[in-house]
Amino acid sequence: MSAFDDVYEGNARFAESFSNAKLTGRAARGLAVVTCMDSRIDPLGLLGLQPGDAKILRNAGARVTDDVLRTLVLAVYVLGVERVLLMPHTDCGMAKVTDADVHAMAAARGVDTRSLEYHTIANQEEALRHDLLRIRATPFLPAGMPVAGAIYDVHTGRLNPSSF
């Protein structure tokens, strides 16, 4: 038995009724969403979207890293994205630790992670403001492209738009 048998079996059931073969790789609604990897978040569902409507970029804490910027550039110029929603969430694990904490946890298991930055979040609103400014200020995306931020509440399902 493989550690992945359950997911392969789940995929087999999914494929039996698969109906998205005609979708293109373009974002039909012109939207990119940057959100957290937290499994409580269903980005398409909570925004009333369907497969093919948006590009979903996920990482720990919904942080705008160099790789997120690279992916947004590709999404805009290749895949039809015209607007970006940055969507972190409440009760985020990245706000409960520091980079030093994570390095120490890995070190306790004999792994040196000091060459990695985790972009943990001391203040979620400040992190959101910083990351929104990073997207808006990058010279690699069209000037004036709509960029918004909103914090998703994992306990109510509500999206709280940011004023930044």
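Our subject is the structure listed above.
Residues numbered from 1 in each chain as written. Predicted model: local features only at pLDDT ≥ 70, side-chain atom pairs only at ≥ 80, totals over all residues. Heavy atoms only, no water.

Topic: the pairing of strand β1 (residues 31-36)
- By the criterion of burial, β1 is predominantly enclosed, with 6 of the 6 residues buried.
- Where β1 meets strand β2 (residues 54-59), 6 bridges bridge the pair, whose relative direction is parallel. Looking at β2, one finds that Leu-31 is bridged to Ala-54.
- Bridge count for β1 against strand β3 (residues 83-87) is 5 bridges, and the pairing is parallel. For Thr-35, the partnering residue across the bridge sits in β3 and is Met-87. (Buried < 20%, exposed > 50% of the residue type's maximum accessible area, 1.4 Å probe, protein only. Helix = DSSP H or I, 4+ residues; strand = E, 2+ residues; numbered from the N terminus. Pairing = 2+ DSSP bridges.)

A closer look at the environment of Arg-114
- Looking at the element boundaries, Arg-114 is found in the loop between α4 (99-108) and α5 (124-137).
- Owing to a relative accessible area of 65%, Arg-114 belongs among the exposed residues under this scheme.
- Within the structure, Arg-114 has its side chain in polar contact with the side chain of Asp-112 (distance 2.7 Å). (Polar contact = N/O pair within 3.5 Å; in protein donor to acceptor, adjacent residues only side chain to side chain.)

Focus on the nonpolar core
- In terms of nonpolar packing, the biggest core is built from 20 residues, with Val-34, Leu-72, Val-81, Val-84 and Ile-135 touching the most fellow members.
- Broken down by secondary-structure element, the contributors of at least two residues to this core are β1, α3 (66-79), β3, α5 and β4 (147-152).
- For this core, the element with the highest residue contribution is α3, accounting for 5 residues.
- Setting aside its immediate chain neighbours within four residues, Val-84 contacts Ala-32, Val-34, Leu-72, Ile-135, Met-145, Pro-146, Val-147 and Ala-148.
- With 16 residues, the next largest nonpolar core counts Val-33, Cys-36, Tyr-152 and Val-154 among its residues. (Core = buried A, V, L, I, M, F, W, Y, C linked by side-chain atoms within 4.5 Å. Contact = heavy atoms within 4.5 Å.)

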